[in-house]
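Here is what each chain is made of, one letter per residue.
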There are 2 protein chains.
Amino acid sequence: MNAQIFSIGTEILLGNIVDTNSQFIAQKLVEYGIDLFKMETIGDNADRLYKAFKECDGKVDYVITSGGLGPTPDDISKEVAIKVCDLQEELKLDKKSYQALIDYFNGNEESAMSNIKQAKFPKSAIILENTLGTAPGCILTSKKGTKYILMPGPPNEMKHMFESEVAKHISKNAILKSKTVKIGLLGEWDMARRIDLDRTEPTISPYITDEGPILRITAKADNEKEVDRQLDIGLEIVNASLTPYVITTQDVRKEKVLIDLLEERNEKVSTAESITGGLISASIIDIPGASNVISESYVTYSNEVKEKVLGVSRETIKEYSVVSEEVLSEMLVGLYNKTNSSLCIATTGYAHTGKVWIGVLYNGMKYTKLLQLNGDRNRVRLRTKIKVIDTAILVMRGEYENNIGI
Amino acid sequence: MNAQIFSIGTEILLGNIVDTNSQFIAQKLVEYGIDLFKMETIGDNADRLYKAFKECDGKVDYVITSGGLGPTPDDISKEVAIKVCDLQEELKLDKKSYQALIDYFNGNEESAMSNIKQAKFPKSAIILENTLGTAPGCILTSKKGTKYILMPGPPNEMKHMFESEVAKHISKNAILKSKTVKIGLLGEWDMARRIDLDRTEPTISPYITDEGPILRITAKADNEKEVDRQLDIGLEIVNASLTPYVITTQDVRKEKVLIDLLEERNEKVSTAESITGGLISASIIDIPGASNVISESYVTYSNEVKEKVLGVSRETIKEYSVVSEEVLSEMLVGLYNKTNSSLCIATTGYAHTGKVWIGVLYNGMKYTKLLQLNGDRNRVRLRTKIKVIDTAILVMRGEYENNIGI
C-alpha cells in the first residue's frame, strides 16, 4: 500500500501558515505501514490540482488531502477529485450533511443554503462526518482504483475526522507502536555509545529534544500482542543499558517525575535561581499537582541580592567569583536555612559563555556540578534547567554519584 | 517570475519533523513578488527527485530546495540537480569549500575527506557559503534556464544562507517590506474596531501572537523610497488609532521595552509571583541587559509562603480568598517593603479557572486589575505575564488608567 499527501490552500503558499496537517497524516501512515511517496502543497488553483491528482491516479492507493472543502468558489478539492474520478453525473444532496449544516447554524436555513455545496456528494462517495466544523469530508474512488480521501483544513477538524472516520476505511499493512524513554544527564553521544542501536524488532532511535536526549522504541508486526512483546524487549534493553539515566518511560514531563517523588515522600522543593531566573520554579509550577510540593523560590540575579536574600558572603564572591562552586554552596545552604525544604536547588552561571554551576542539597547532602553548555542565552538556561532537574531526580532516587558523566 | 519549493528528506515523509523551511522560503518569495506554484516534499530517493525536477525544468524560473546536501550517499539533491542540468562533465573540487570543511573539523583532514563530496561543484555553479555547517549550497542553471537553488536542511543554516547568499542572486519583481507593531492590553477585537483595516498602500493586518495582538503593516512598490513612505503612513495611522496601547514599533520583545524604561530612569524591578511561578522574572532575565534592572524576585505559591516571605496577613487570605485584590495589594506592599524597588509586580490567580489578579506598584502608586483568561494552565500563565508587562510599561509611561479596557 502507498499514498500521497496533498495540502491545499493559497495561505500555505503565501507563507501565512505552516502546514502541520501533512506531518500528522504522515505519522499515521507510518503507523499503518503505508509508504508515503510525496507530500505536495498546492494553492486554490483547480488546473494545477487537477494535473497533480491526475499524475497520482492509478499510481498510488490513497490520495489524502486536507483543505479546500469550504463553501466558497475558491474551495476546489472536492470538485477536482470528482472530475478526476469522473463522478459528476451522480452528484446529489446528502440529507444528513445538510441537516448537520442547519444544526451548525442554529437552524438558520439561509446560512445553511449558502454552504450547500458542502453537503453535495457523488452517490458512491463515503461521507466523513465533521462534528467540529461545517465541511464534511469524503472518500471517492477513481476508475483506476485510487481512493481520494478529502478532509477539511483546520487541524483540529482534520485530526478528529482522521481518527474517528478515516482510520476505519484504510487498509493497514501492519500495526506499529512506539514508546518514548527520556534520558537524563547523558549527552546524545554518551547515550548512543552505551546502547546497541543497530537492531530491529524493535528499532531504538535516539533524538534530541527540549527535554534532553530521548530514545524512541518502535515495534511493528501484524498483531498487537507481538508489538507489545517487542516494546517490552526494547524497554528491557534500554533499562539494562542506561540505568540509572532513565528518567521516565512514560509520556510525562521530567518535572512531573520530580513532583511525584516529592509527593510520595511528603517533601518540598525550594529554588534559588541566578542564571535560570525563575525558569526552574516556573516549569515545576506549570505541572498540575505542583502546589503540594513547591515551597519558596528566590530569583537572586545580582551579587547584592545573593548576599541579602541568601546570605552569600561578599568575600566568597570576591575570592572565587560569582560563578563558582563556593558561591553555589553558600546559595544552597542559605536557601536551606531560609526554607527548611528537603530538596534545595540552586544555579549560578554566565549565559553568554555557557559556564554554569548547578547544585542540589537533599536531606543534608550536597551535590554540585560544573557545566559547559553551548548555544544562545535562552538555550543555555533551558539546558541548565533540564540538567538540574535530572540531577535532583537521580539524587532523590539515590542513584546520583558526583562523578556521573554529563 | 515564478518558483517551486522542494524540501528533501525521508524524515519529513516519516512525520518525524515538520517542514518549516518551506514557509520561510514562501514568505521570502512573497516579499520579492515571485509567484510560488507548488511546494513538494520528497524523500531521499534519486529517481523521484529527478522526475520532479524534470517536471519543473523550463517551466519555473527558480527551483528552491532545502535538505539532501549532507555527506552520505543518501544525500542526493546536488547530484540530481547536476544530472537535470547536465553538468556532470565539469565537476571539480572547490578549494575554498574544502578548506572550510577542514576548518570546520578543526584541521582534521580525515574527517574533511569523508565529507569531500560536499566541496565538489560544477565549474558553472554559484557556490553559497555555509558559515554554520558543513554543507555549502549552490545555484545551478539548466539548459532551459531554470535556476536550481540548493540549500542545506537545518533551518538555521538554510535561513542564514538565504539571507546572506541567496537573496542577492534572486531577481525581485517588487520591493516589499513590513513592520510589526506590538499592541498592549487590548484584545484582538478591541484592537480591530479602533482602526480601519480595510485599506491598501500599506495594508494593515492584525495577528494574535504569544506576545498578544500585533499589527503588521505591509508596503509594496517598485522602489524603496515609496515603500518607506507607505510604512510611515501606516505607522502614523496605527499610532493615531491605538495610542496609548502601542507598546513598540520595533522588533523587540515587550520585556526589552520595560528594561529600557527602567534603565533610562536608573530604576529596578522586583516581582512576587504566585500564578506565574517565576515566569515574569525568567522572561525579563532572558533579555540581554536585564542584570542592570532586575532586583529580587520571589515565587510565593502557597498561602504560607505568601505570609512568611511577603507578610500577607492570614486574616486577609481567609476573609477575601487568596485570589483577591486585597491579597494582591498586600503582596505588592510586602514586596516593596522587602526590596525598595521602584517597580513592584505581583500576580495571584487560579490557572484552571483563568481568574487572575495582576498588580503593579510604581513610585508609591498602586494599579490592580482582575483578568478572566481563557486557555489551559500554560496559556493562562503566559497571558497573565503579557498583561502585567503591558500594564507596567503603560504605568511607567504615565499612560495607564485603571479603567483601561482589557
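For chain A, the name recorded in an unreviewed UniProt entry is Putative competence-damage inducible protein, with Anaerococcus octavius as its organism. Turning to chain A, the UniProt annotation filed under Sequence similarities (unreviewed entry) states: "Belongs to the CinA family."

A. Region of interest: the overall build of chain A. Looking only at helices and strands, one finds 15 helices and 17 strands in chain A. Here the C-alpha atoms of chain A give a radius of gyration of 28 Å, more than 25% beyond the 22 Å that 2.2 N^0.38 yields for 406 residues. Seen through its C-alpha atoms, chain A measures out along the principal axes to roughly 90 × 50 × 40 Å. Counting across all 406 residues of chain A, residues that qualify as buried make up 54%. Taking as baseline every contact in chain A between residues at least 6 positions apart, the subset at least 24 positions apart corresponds to 68%.

B. Fine view of the UniProt feature "domain: MoaB/Mog" (unreviewed entry) in chain A. UniProt tags residues 4-173 of chain A as "domain: MoaB/Mog" (unreviewed entry). As annotated, residues 4-173 of chain A comprises 37% helix and 22% strand, and the C-alpha atoms at either end are separated by 16 Å.

C. Main features of the interface of chain A and chain B. Listed per partner, the contact involves 51 residues of chain A and 49 residues of chain B. Contact between chain A and chain B buries roughly 4200 Å² in total, counting both sides, with carbon and sulfur atoms accounting for 54%. Take the side of chain A that touches chain B: its biggest share by element is seven residues, from strand 2 (residues 35-42) of chain A. Of the pairings in the sheet, the one linking strand 14 (residues 294-300) of chain A to strand 14 (residues 294-300) of chain B comprises five bridges and is antiparallel in character. Bridging from a neighbouring strand, A:E296 pairs with B:T300 of strand 14 of chain B.

D. Expanded view of the pairing of strand 14 of chain A. Residue and element names in this part refer to chain A. The buried fraction of strand 14 is high, at seven of seven residues. The pairing of strand 13 (residues 269-273) with strand 14 spans four bridges and is parallel. When the sheet's bridge partners are listed, V269 is paired in strand 14 with I294. Remark: the strand 13/helix 11 (residues 279-285)/strand 14 crossover connection has right-handed handedness.

E. Focus on the environment of B:I76. Residues and elements named next belong to chain B. Counting through the fold element by element, I76 comes out in the loop between strand 3 (62-66) and helix 4 (77-85). The exposure class of I76 is buried, given its relative accessible area of 10%. Distance from I76 to V380, taken between C-alpha atoms, is 46 Å for residues 304 residues apart in sequence.

F. Region of the structure containing the environment of A:K120. All names here are of chain A. Mapped onto the secondary structure, K120 falls in strand 5 (residues 120-122). For the pair formed by K120 and Y98, sequence separation is 22 residues and the distance between their alpha carbons is 8.3 Å. When residues no more than four places from it in sequence are discounted, the contact partners of K120 are K78, L91, K92 and L93.

G. View of the sheet that holds strand 12 (residues 246-248) of chain A. All names here are of chain A. The strand order across the open sheet built from four strands is 10-11-9-12, with neighbouring strands paired in antiparallel fashion. The sheet terminates laterally at strand 10 (203-209) and strand 12, the two strands that pair on one side only. Across the sheet, the axes of successive neighbouring strands diverge by a mean angle of 40°, strand direction being ignored. Here two bridges tie strand 9 (residues 175-183) to strand 12, and the two strands are oriented antiparallel to one another. The residue bridging I183 from the neighbouring strand is V246, located in strand 12.

H. Here's a closer look at the sheet that holds strand 11 (residues 212-221) of chain B. All names here are of chain B. Read across the sheet, four strands follow the order 10-11-9-12 without closing on themselves; strand pairing throughout is antiparallel. The open sheet has two free edges, formed respectively by strand 10 (203-209) and strand 12 (246-248), since each of these has just one partner strand. Put simply, the sheet's adjacent strands are angled 40° from each other on average, direction ignored. With eight bridges connecting them, strand 9 (residues 175-183) and strand 11 associate as antiparallel partners. Bridge pairing in strand 11 places V181 opposite L215.

I. Representation of the relation of the copies chain A and chain B. Its rotation angle being 180°, the transformation that places chain A on chain B also includes 1.7 Å of axial translation and leaves an RMSD of 2.0 Å. Taken together, the rotation and translation relating the two chain copies correspond to the operation of a two-fold axis. Most of the interface of chain A is mirrored in chain B, where 96% of its interface residues are also at the interface.

J. Spatial organisation of the packing of helix 12 (residues 303-310) of chain A against helix 14 (residues 325-339) of chain A. Residues and elements named next belong to chain A. Packing of helix 12 against helix 14 brings their axes to within 9 Å, and their N-to-C directions diverge by 35°. Counting all contacts with helix 12, which are made through K306, V309 and L310, the residues of helix 14 involved are V327, E330, M331, G334, L335 and K338. Classifying every residue of the contact of helix 12 with helix 14 gives five nonpolar, one polar and three charged.

K. Expanded view of helix 9 (residues 224-242) of chain A. All names here are of chain A. End to end, helix 9 covers 27 Å across 19 residues, agreeing with the expected 27 Å (1.5 Å per residue, within 8%). Looking at the buried residues of helix 9, the elements they touch are strand 9, helix 8 (188-194), strand 10, strand 11 (212-221) and strand 12. Residue N223 occupies the N-cap position of helix 9, its side-chain oxygen lying 3.2 Å from the main-chain nitrogen of K225.

L. Examining the confidence of the model for chain A more closely. Considering every residue of chain A, the mean pLDDT works out to 92; 99% of them sit at 70 or more. Here the predicted complex scores 0.74 on pTM and 0.72 on ipTM.

M. How the structure looks around the domain arrangement of chain A. Residue and element names in this part refer to chain A. Partitioning chain A into domains gives domain 1 (2-168), domain 2 (175-248) and domain 3 (254-397). Counting from both sides, the interface comprises 13 residues of domain 2 and, opposite them, 11 residues of domain 3. Contact with domain 3 buries surface across domain 2, with L185, E211 and I247 losing the most and accounting together for 62% of the total. Summed over the shared surface of domain 2 and domain 3, the number is zero salt bridges. Sorting the residues of the side of domain 2 that touches domain 3 by element identifies strand 9 and strand 12 as the ones contributing at least two each. Here the side of domain 2 that touches domain 3 gets three residues from one element, more than from any other, and that element is strand 12. Tallied by class, residues from the side of domain 2 that touches domain 3 come to seven nonpolar, three polar and three charged.

N. How the structure looks around the packing of aromatic side chains. Under the criterion given, the structure shown has 13 aromatic pairs over all chains. Aromatic side chains A:Y367 and A:Y400 sit 5.6 Å apart centroid to centroid with 90° between the ring planes, which places their arrangement in the edge-to-face category. A residue pair is termed long-range when its members are at least 10 positions apart, and A:Y367 in strand 17 (residues 365-372) and A:Y400 in the segment after helix 15 (377-396) qualify at 33 residues. Through a chain of ring-to-ring contacts, three or more aromatic side chains come together here, namely A:F6, A:F53 and A:Y148. The ring of B:F121 has B:K78 lying over it, and the distance from NZ or CZ to the ring centre is 4.1 Å.

O. Geometry of the side chain of A:D75. All names here are of chain A. Considering the arrangement of structural elements, one finds D75 in the loop between strand 3 (62-66) and helix 4 (77-85). In this structure, D75 is buried with no salt-bridge partner, the nearest side chain bearing the opposite charge being K117 at 5.5 Å. In terms of polar contacts, D75 uses its side chain to reach the side chain of T72, at 2.8 Å. Not counting residues within four places of it along the chain, the set of residues in contact with D75 comprises G68, L69, G70 and K117.

P. How the structure looks around the side chain of B:T348. Residues and elements named next belong to chain B. Counting through the fold element by element, T348 comes out in strand 15 (residues 343-349). Within the structure, T348 has its side chain in polar contact with the backbone oxygen of V322 (distance 3.0 Å). Not counting chain neighbours up to four residues away, the residues in contact with T348 comprise S274, I275, K306, V322, V323, S324, L328, M331, V356 and W357.

Parameters at a glance
Residues numbered from 1 in each chain as written. Chains lettered and ligands numbered in written order. Predicted model: local features only at pLDDT ≥ 70, side-chain atom pairs only at ≥ 80, totals over all residues. Heavy atoms only, no water. UniProt positions renumbered as here; feature names shortened; annotations may be inferred. Helix = DSSP H or I, 4+ residues; strand = E, 2+ residues; numbered from the N terminus. Rg over C-alpha atoms; globule rule 2.2 N^0.38 Å. Buried < 20%, exposed > 50% of the residue type's maximum accessible area, 1.4 Å probe, protein only. Contact = heavy atoms within 4.5 Å. Buried area = accessible area lost by both parts, 1.4 Å probe. Pairing = 2+ DSSP bridges. Right-handed = clockwise from strand over helix to strand, strands pointing away. Axes fitted to C-alpha atoms, helices over the stretch in contact; angles between N-to-C directions. Least-squares fit on C-alpha atoms with pLDDT ≥ 70 in both. Nonpolar A, V, L, I, M, F, W, Y, C, P; charged D, E, K, R; others polar. Expected span 1.5 Å × (residues − 1). Polar contact = N/O pair within 3.5 Å; in protein donor to acceptor, adjacent residues only side chain to side chain. pLDDT = per-residue confidence, 0-100. Domains from an automatic or database assignment. Salt bridge = Lys/Arg side-chain N within 4 Å of Asp/Glu carboxyl O. Phe/Tyr/Trp six-rings, centres within 6.5 Å; stacked < 30°, edge-to-face > 60°. Lys NZ or Arg CZ within 6 Å of the ring centre and 35° of its normal. Lys, Arg positive; Asp, Glu negative; His and termini not counted.

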